[in-house]
Amino acid sequence: MEDEFPYSEIDVIEENIQWISNNKHLEIEQNWNGGDHFTILLKLGVNTENGDGLLYRSVIFEEDENEVQETNFFSFKEEEAEYVIDLLNDYIHYLEKE
């Protein structure tokens, strides 16, 4: 029997999302691997069907002279939100120590 994690597959239907944040755009230039350029879009929403939080992340970059877009969703329960915040704060504190 294969073990399966609950919520491992996020089936996102745009009509079921209430976006609660403004879009956050980042432009990142990296001077390695030929000078990569990334455009990242982040936004936060709520799945109106089940109340889960939803973090949307879309990365646009060039690969072989073609524009590629990768989109990810991170879904979390209300009970998890404070833990996610704690983990992000841990990451920020880690970077400040370097």
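Here's what I pulled together on the structure shown here.

The rules behind each value
Residues numbered from 1 in each chain as written. Predicted model: local features only at pLDDT ≥ 70, side-chain atom pairs only at ≥ 80, totals over all residues. Heavy atoms only, no water. Helix = DSSP H or I, 4+ residues; strand = E, 2+ residues; numbered from the N terminus. Buried < 20%, exposed > 50% of the residue type's maximum accessible area, 1.4 Å probe, protein only. Contact = heavy atoms within 4.5 Å. Pairing = 2+ DSSP bridges. Phe/Tyr/Trp six-rings, centres within 6.5 Å; stacked < 30°, edge-to-face > 60°. Lys NZ or Arg CZ within 6 Å of the ring centre and 35° of its normal. Salt bridge = Lys/Arg side-chain N within 4 Å of Asp/Glu carboxyl O.

1. A few points about the overall build of the protein chain
Move 1: Summing up its helical and strand segments, the protein chain has one helix and five strands in all.
Move 2: Helices and strands in the protein chain line up, N terminus first, as β-β-β-β-β-α.
Move 3: Counting every position in the protein chain, which comprises 98 residues, the buried fraction comes to 16%.
Move 4: At a minimum sequence separation of 6, the contacts of the protein chain that also span at least 24 residues come to 27%.

2. Quick word on the pairing of strand E3 (residues 36–47)
The side chains of a regular strand alternate between both faces of the sheet.
Move 1: In this structure, strand E1 (residues 17–19) lies alongside E3, joined through three bridges in antiparallel fashion. Paired with Gln-18 across the two strands is Val-46, which belongs to E3.
Move 2: Sheet topology note: the strand E2 (residues 24–30)/E3 ladder contains seven bridges and is antiparallel. Bridged to Glu-27 within E3 is Thr-39.
Move 3: When E3 meets strand E4 (residues 53–63), the two strands line up antiparallel, connected through nine bridges. Within E4, the position partnered with Phe-38 by the bridge is Phe-61.

3. Side note on the packing of aromatic side chains
Move 1: Applying the stated criterion across every chain, the model contains four aromatic pairs.
Move 2: Between Phe-38 and Phe-61, the ring centres sit 6.0 Å apart and the planes meet at 50°, which makes this aromatic pair tilted. Taken together, the residues Phe-38 in strand E3 and Phe-61 in strand E4 connect sequence positions 23 residues apart.
Move 3: Through successive ring pairs, a cluster of aromatic residues spans Trp-19, Tyr-56 and Phe-73.
Move 4: In this structure, Lys-43 packs its charged tip against the face of Trp-19, placed 4.2 Å from the ring centre.

4. A few points about the environment of Glu-62
Move 1: Take Glu-62: it is sitting in strand E4.
Move 2: With relative accessibility at 60%, the residue Glu-62 sits in the exposed group.
Move 3: When the C-alpha positions of Glu-62 and Asp-36 are compared, they lie 7.7 Å apart, and in sequence the two are 26 residues distant.

5. Some thoughts on the environment of Gly-51
Move 1: Tracing the sequence through the fold places Gly-51 in the loop between E3 and E4.
Move 2: Residue Gly-51 is classed as partly exposed on the basis of its relative accessible area of 44%.

6. Here's the deal with the pattern of salt bridges
Move 1: Applying the stated rule across the entire model yields one salt bridge.
Move 2: A salt bridge links Asp-52 to Lys-77; its shortest N-O distance comes to 2.9 Å. Of this pair, Asp-52 sits in the loop between E3 and E4 while Lys-77 sits in the loop between strand E5 (66–76) and helix H1 (81–97), and the two are 25 residues apart along the sequence.
Move 3: When its relative accessible area of 4% is taken as the criterion, Asp-52 is described as buried.

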